[in-house]
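Residues per chain are reported as follows:
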Amino acid sequence: MQHPPSRTPVSLASRLILEDVRHGYGTVEAVRGVSLVVEPGEILCLLGQSGCGKTTLLRLIAGIERPSSGSIRLDRHVVAGPEGFVPPEKRNIGLVFQDYALFPHLTNLENVSFGLRALSATEAREEALRALRRVRLEHYAQDYPHALSGGEQQRVALARALVPRPGILLMDEPFSGLDSRLRGSVRADTLKVLRDARATCIIVTHDPEEAMRLGDRIALMRQGEIVQIGTPEEIYRHPADIAAARFFCEINEVDGVVGSGRVITPLGAFDAPGMDDGQDAVAAIRPQGVELRAPGTGVPGRVVSHRFLGELDLYEVAVEGVDRPLVARRRTTAGLSRGHDVGVHIDPAEVLVFAAARP
Ligand SMILES: Nc1ncnc2c1ncn2[C@@H]1O[C@H](COP(=O)(O)OP(=O)(O)OP(=O)(O)O)[C@@H](O)[C@H]1O
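Predicted model, so just to flag it, every value in this text is computed and none were measured.

Visitor: If you had to explain the overall build of the protein chain to someone new, which residues and values would you point to?
Guide: From N to C terminus, the protein chain includes eight helices and 21 strands. When its C-alpha atoms are laid out on the principal axes, the protein chain stretches across 80 × 50 × 35 Å. Among the 359 residues that make up the protein chain, the fraction classed as buried is 46%. In the protein chain, once contacts between residues fewer than 6 apart in sequence are set aside, the share between residues at least 24 apart is 64%.

Visitor: Please give an account of helix H3 (residues 121–134) that cites residues and values.
Guide: With 14 residues, H3 should cover 20 Å at 1.5 Å per step; its first-to-last C-alpha distance of 20 Å lies within 8% of that length. Burial in H3 covers these residues: Glu123, Ala124, Glu127, Ala128, Arg130, Ala131 and Leu132. Buried-residue contacts for H3 involve helix H2 (108–113) and helix H4 (150–162). Immediately beyond the C-terminal end of H3, within one or two residues, lies arginine 136, with a positive phi of roughly 60°.

Visitor: An account of the site of the ligand is requested, with residue identities and associated values reported.
Guide: Taken together, Tyr25, Val28, Ala30, Gln49, Ser50, Gly51, Cys52, Gly53, Lys54, Thr55 and Thr56 make up the full set of residues near the ligand. Compared with its free state, where it exposes 630 Å², the ligand has 57% of that area covered by protein. At the level of elements, strand E2 (28–38) and helix H1 (54–62) are the ones that each hand at least two residues to the shell around the ligand. Per element, the largest residue contribution to the shell around the ligand is three residues, and it comes from H1. Its residues placed into classes, the shell around the ligand shows four nonpolar, six polar and one charged.

Visitor: Hey, could you go over the sheet that holds strand E20 (residues 341–346) for me, with residue numbers and the actual values?
Guide: Ordered in space as E16-E20-E17-E18-E19, the five strands form an open sheet in which the pairing is antiparallel. Edge strands, defined here as strands with exactly one partner in the open sheet, are strand E16 (290–293) and strand E19 (326–331). For this sheet, the mean inter-axis angle between neighbouring strands, taken without regard to orientation, is 50°. Pairing of E16 with E20, which is carried by four bridges, proceeds in the antiparallel orientation. Paired with leucine 292 across the strands is valine 344, a residue of E20.

Visitor: Describe in detail the domain arrangement of the protein chain, supporting the description with residues and values.
Guide: Once the domains are mapped, the protein chain shows domain 1 (16–242) and domain 2 (253–355). Relative to domain 2, the C-alpha centre of domain 1 lies at a distance of 40 Å. Here domain 1 packs against domain 2, burying approximately 490 Å² in sum over the two surfaces, 63% of which is carbon and sulfur. The largest contributions to the domain 1 side of the interface with domain 2 come from Tyr236, Pro239 and Ile242, which together make up 81% of the buried area. Our count for the domain 1 to domain 2 interface comes out at zero salt bridges.

Visitor: If you had to explain the side chain of threonine 200 to someone new, which residues and values would you point to?
Guide: Among the secondary structure elements, threonine 200 is positioned in strand E9 (residues 200–205). The buried category is assigned to threonine 200, whose relative accessible area is 0%. Within polar-contact distance, the side chain of threonine 200 engages the backbone oxygen of serine 14 at 2.8 Å. Among the polar contacts made by the side chain of threonine 200, one reaches the main-chain amide nitrogen of glycine 41 at a distance of 2.9 Å.

Visitor: How would you explain the sheet that holds strand E14 (residues 268–271) if you had to name every residue and give the values?
Guide: Taken together, five strands build an open sheet; the order of strands is E14-E13-E12-E15-E21 and the sheet is antiparallel. Edge positions in the sheet fall to E14 and strand E21 (351–355), since each has one partner strand and no second. In this sheet, neighbouring strand axes are inclined to one another by 35° on average, regardless of whether the strands run parallel or antiparallel. With five bridges connecting them, strand E15 (residues 280–285) and E21 associate as antiparallel partners. Counted as the bridge partner of isoleucine 285 is valine 351 from E21.

Visitor: A description of the pattern of salt bridges should follow, citing residues and the corresponding values.
Guide: Under the counting rule described, the total for this entry stands at 21 salt bridges. For arginine 136, the salt bridge is made with aspartate 189, and the minimal N-O distance between the two is 2.7 Å. In this pair, arginine 136 is assigned in the loop between H3 and H4 and aspartate 189 in helix H5 (residues 180–197), connecting sequence segments 53 residues apart. Note on aspartate 189: relative accessible area 24%, which makes it partly exposed.

Visitor: Give a description of the environment of isoleucine 251 that names residues and reports values.
Guide: Following the sequence through the fold, isoleucine 251 ends up in the loop between helix H8 (242–248) and strand E12 (252–259). A residue is classified by how much of its surface remains accessible, and isoleucine 251, at 13% relative accessible area, is buried. Separated by 100 residues in the primary sequence, isoleucine 251 and valine 351 have C-alpha atoms spaced 9.3 Å apart. If sequence neighbours within four positions are ignored, isoleucine 251 has contacts with Ile242, Ala245, Arg246, Ala284, Ile285, Arg286 and Pro287.

Reading the values: the criteria
- Here the residue numbers are simple positions, counted from 1 along each chain's written sequence.
- Where totals are concerned, whole chains, interfaces and linings use all residues; where local detail is concerned, this predicted model gives features only for residues with pLDDT of at least 70, and gives and counts side-chain atom pairs only at 80 or more.
- Water and hydrogen atoms were dropped before computing side-chain values, which therefore reflect all heavy atoms in the structure.
- The numbering of helices and of strands both runs from the N terminus, where a helix is a DSSP run of H or I of at least 4 residues and a strand a run of E of at least 2.
- Each residue's exposure class comes from its accessible area (1.4 Å probe, protein chains only) as a fraction of the maximum for that residue type: buried when under 20%, exposed when over 50%, partly exposed otherwise.
- Throughout, a contact is declared for two residues whenever any of their heavy atoms are within 4.5 Å.
- The span expected for a helix works out to 1.5 Å for each residue beyond the first.
- Proximity is defined per residue: any heavy atom of the residue falling within 4 Å of a molecule or strand makes that residue near it.
- Per-residue and other accessible areas were derived by the Shrake-Rupley procedure at a 1.4 Å probe size, with only the shown protein chains allowed to occlude residues.
- In the scheme used here, Gly and all other residues not listed as nonpolar or charged are polar, with Ala, Val, Leu, Ile, Met, Phe, Trp, Tyr, Cys and Pro taken as nonpolar and Asp, Glu, Lys and Arg as charged.
- Pairing between strands is defined by DSSP: at least two bridges between them are needed.
- To obtain an axis, a line is fitted to C-alpha atoms, over the contacting stretch when the element is a helix, and the angle between two such axes runs from 0 to 180 degrees between their N-to-C directions.
- Domain delimitation in this document rests on an assignment produced automatically or drawn from a domain database.
- Once two parts are put together, the accessible area they lose, assessed with a 1.4 Å probe and summed over both, is termed the buried area.
- In what follows, salt bridge is the name for a side-chain nitrogen of Lys or Arg lying within 4 Å of a carboxyl oxygen of Asp or Glu.
- What qualifies as a polar contact is a pair of N or O atoms within 3.5 Å, subject to a donor-acceptor requirement within protein and to the restriction that residues adjacent in sequence count only when both atoms come from side chains.

Here you go:
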């Protein structure tokens, strides 16, 4: 079937530029000097633990909060800064919140066409139907939101946010209200819609896996600051510090001392480029880098627990000289269980070395 061409004005994805943005609530400094550029069409995930300032940063970009200093630009327009302030409704921004915030007394179609008041009723209806089609929900156009599942409501909210063609779309924990089975498929659908719409998008999440699945880049936040920004692979492979490494993966931390450019630990020596001899260091070993082989090779260890998890099992292995049992994630090894002796080998590609924190 041929659908009529779209009548909403074509809006290009915006570039967002933040320069030294700060914001506090009373004595709490929620955002502390954030500078950031998000390119047109890019999907950026703001990732961090609860209370690190992600939502506040999103609210500043939306114009719901006004920064105490610094500036925010959308393309060439300063929307917040010493020169002035543009209110949210004039920023050409789309918003999707955790609870979707659909109007319960409006049909799904009316919810989506709500933001198209500049168009005639017929045009708004056509555009809203097109948007519902994009999220594969046109057959629910005349129903009310309460009759939809959580995942479907999320898609209506996405259609509503995208239908006015915003220059930038801001999403705050958009999948956290969904149960874990549904989350994966709604996330994949959302990503496809965002790519098709070529929208610049900022997604707030506290889930590292979600950030890696969705983001072209990830901005890792801590205590109101961006501690690292990069592609998922850059951040995973080269975390800025041990706390960033911990955030992405449960790691084994083994203490050692640097000698001749390597940190010497009970599990072997690992490259420690740029570190001084005699310096205390920590080898951060990912669980998939702990290989368990027959005893008599590698470092002697003993399995203290084994949990069957399907594709990869979880083993804990005690090794002499290491305070806590090592966590290993391995393919299920028939017969290997608690009490068995093993030879532990470490894959150096799964080891990151950091300077030890000074007491
Ligand atoms: N309206 C407010 N009044 C006072 N303090 C606030 C307000 N909103 C946030 N804060 C404080 O600012 C800091 C950052 O909060 P923010 O909600 O931005 O963090 P977050 O990373 O989004 O957390 P979460 O993931 O839990 O939503 C926290 O210490 C929080 O308690």
